[in-house]
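Each chain, letter by letter, is given below.
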Amino acid sequence: MGSTGRRRAPTGPEKVRLTRRGRFLMWGAGVCSALVLGVAGVGAWLYQDLSGNIQGADLDDKLGGDRPVNLSPGSKNILVVGSDSRDGDNAKYGKGLTTMQSDTLMVLHIPANREWATVVSFPRDSWVEIPACDKGDGAESAPHHAKINEAFAIGGTSGEIAEAAACTIRTIEDSTGLRIDHFASVDFQGFKGMVNALGGIEVCPEQAIHDDKAHLDLEAGCQTVRDEEALGYVRARYSIGDGSDTGRIGRQQEFMQALAEKAQSKLTSPNALYGFLQSATKSLTTDDDLAGIKPLYGLASELRGIPGDRLTFLTVPNYPREADVPTDKANVVWQYPQAADLFDALAKDREVDKKQLQADAENPLHASSVRVQVLNGDGVPGRAAAVAEKLRQAGFTVTGTGNAPETTRTTSVSHPQGLDAQAEVLASRLPDVRARQEAGAAADVVTMVVGADLDPEDIR
């Protein structure tokens, strides 16, 4: 596909523990790198057999030309999706769902120097703008706001994973400014086969779990899960912990950590190894450039050279959207400027300081607390109103619109003394705009002058 750039954990219940590198090799690259660890020692016939299992998806002609530019040649961004297809054996999961679903969504960033790596998880309840997407049935969806995982379902309306992947990639690229170079999807049923090939995974929930949506009934205490119980355990949400998707992300990572350690210790028998690799490869779909054991092995080799203490696992900073829209109790919004700082660092191939990011995100400044007046500096009628509407959709409190004293090409954000943080939240949602304090700025509001350089669609 292309190169990187931009256009404009809780503790788990498992007894086993693994180095961060081991966990990363298993799940962070979407099973891609783990499954090739055992391939180097198998015969040529098995190599071809397994390679033939991996499905390739032709994405290049589905992503359009208006994509983020390359700011870090040599780096890679790999979008990894845990796919919850409703076809076949997966049909029992979820009511009234007929399209593909993405249950896990993350981006693996591998820098050009291969000295560190970052995995960013996106809560599937993230409220973002889904761009117009080809649904694969001859129709195109309209741009709209929704949970981020809806992009996979919209693109997968016809059952084609290439269309599902393309819509998800476009959504991630538009929302983050990161160029996605590769894509990998792992289906639920393949995950179940991998767990079964290992004889199940031991979990130790402190409380009983009864979750109808995940088809899961577990008593408290240590027990081995396999088949539907294993699927239910990583899918369960509302019946465990605080019921958040962020909590589930941490639990899934811990489960994969346990799975990876057991795979490393148990896959010594040819039969167990073959069953595990068959399940893994049959469940895997990637872009055409990554489809095959050889490119996956190359990826794994790159990952193995990264020191364990330079692997960073992050979740996009976020807060409940209810803080901006009191009626929305089901979604989260990304927290700015912290989310923008994260995306910009990866786009420019800079290593992220996780502790600093978490510290900066401890006290979120909600968009609704930022009062903004929007002035038209472009001279084109309606520009201020269009931008104001985009800001309202993003949760900002727009106090009014008007015309700037003079026309300008450059969009600007200014503020009086004391509103530095609020102005930074707004500026971080705009491409290449920095906030500045002005002695004569209007009191109690942040002022945004819309220049000719701003496309309202580029507002994050």
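As a reminder, the structure under discussion sits directly above these lines.
A brief look at the structure comes next.

Conventions and cut-offs
- Residues numbered from 1 in each chain as written.
- Predicted model: local features only at pLDDT ≥ 70, side-chain atom pairs only at ≥ 80, totals over all residues.
- Heavy atoms only, no water.
- Phe/Tyr/Trp six-rings, centres within 6.5 Å; stacked < 30°, edge-to-face > 60°.
- Helix = DSSP H or I, 4+ residues; strand = E, 2+ residues; numbered from the N terminus.
- Buried < 20%, exposed > 50% of the residue type's maximum accessible area, 1.4 Å probe, protein only.
- Disulfide = S-S within 2.5 Å.
- Pairing = 2+ DSSP bridges.
- Axes fitted to C-alpha atoms, helices over the stretch in contact; angles between N-to-C directions.
- Contact = heavy atoms within 4.5 Å.
- Core = buried A, V, L, I, M, F, W, Y, C linked by side-chain atoms within 4.5 Å.

1. Examining the packing of aromatic side chains
Counted by the stated rule, this structure contains 3 aromatic pairs. For the ring pair phenylalanine 122 and phenylalanine 343, a centre distance of 6.5 Å and an interplane angle of 15 degrees mean the geometry is stacked. Of this pair, phenylalanine 122 sits in the loop between β4 (117-121) and β5 (127-130) while phenylalanine 343 sits in helix α11 (residues 338-347), placing them 221 residues apart in sequence. On the accessibility criterion, phenylalanine 122 (2% relative accessible area) is buried. You can call phenylalanine 343 buried: its relative accessible area is 1%. Arranged with centres 5.4 Å apart and planes meeting at 65 degrees, the rings of tryptophan 334 and phenylalanine 343 form a pair that is edge-to-face.

2. Some points on the state of the cysteines
A disulfide bridge is the covalent bond that connects two cysteines by way of their sulfur atoms. If you walk through the whole model with that rule in mind, you get 2 disulfides. Residue pairing for cysteine 133: its cysteine sulfur links by disulfide to cysteine 167, the two sulfurs lying 2.2 Å apart. Residues cysteine 133 and cysteine 167 share a disulfide whose torsion about the S-S bond is about 85 degrees; that sign makes it right-handed. Taken together, the residues span a long stretch of sequence, with cysteine 133 in the loop between β5 and β6 (144-147) and cysteine 167 in helix α5 (residues 161-176) at a distance of 34 residues.

3. A few points about the sheet that holds strand β12 (residues 284-287)
On the basis of which strands lie adjacent, the open sheet formed by 7 strands has the order β1-β12-β7-β2-β3-β4-β13 and mixed pairing. The open sheet has two edge strands with one neighbour each: β1 (55-57) and β13 (311-315). On average, adjacent strands in this sheet sit at an angle of 20 degrees to one another, irrespective of strand direction. Both β4 and β13 contribute to a ladder of 5 bridges, which runs parallel. Paired with alanine 117 across the strands is leucine 311, a residue of β13.

4. Considerations on the sheet that holds strand β20 (residues 446-450)
Read across the open sheet, the 5 strands follow the order β17-β16-β20-β18-β19; overall the sheet is mixed. Among the strands making up the open sheet, the edge pair consists of β17 (397-403) and β19 (435-437). Taking the axes of each pair of neighbouring strands and ignoring which way they run, one obtains an average angle of 25 degrees across the sheet. In this sheet, β20 lies alongside strand β16 (residues 371-376) in parallel orientation, the contact comprising 5 bridges. In the sheet register, valine 374 faces β20, and the bridge partner there is methionine 448. Against the sheet, helix α13 (residues 383-393) contacts β16, β17 and β20, and its axis sits at roughly 155 degrees relative to β16. Its contacts with the sheet place helix α14 (residues 420-427) against β16, β18 (412-415), β19 and β20, and it is angled at close to 165 degrees to β18.

5. Some words on the nonpolar core
Nonpolar side chains in soluble globular proteins generally cluster together in the buried interior. Counting residues in hydrophobic clusters, the biggest one holds 67 residues, and the most contacted among them are Phe122, Leu391 and Met448. Considering every element that reaches this core, the biggest residue donor is α5, with 8 residues. Counting residues in each nonpolar core, the second largest holds 35 residues, with Ala184, Ala214, Ala230 and Leu284 among its members.

6. Describing unusual backbone geometry
Negative phi characterises most residues that are not glycine, and trans characterises most peptide bonds. Omega for the peptide link from tyrosine 336 to proline 337 comes to 10 degrees, which places this bond in the cis form. Relative to the helices and strands, proline 337 resides in the loop between β15 (332-334) and α11. Positive phi, close to 60 degrees, is recorded for arginine 114, a residue that is not glycine. You can see arginine 114 is positioned in the loop between β3 (102-110) and β4. We note that aspartate 349 has phi near 65 degrees; this positive angle belongs to a residue other than glycine.

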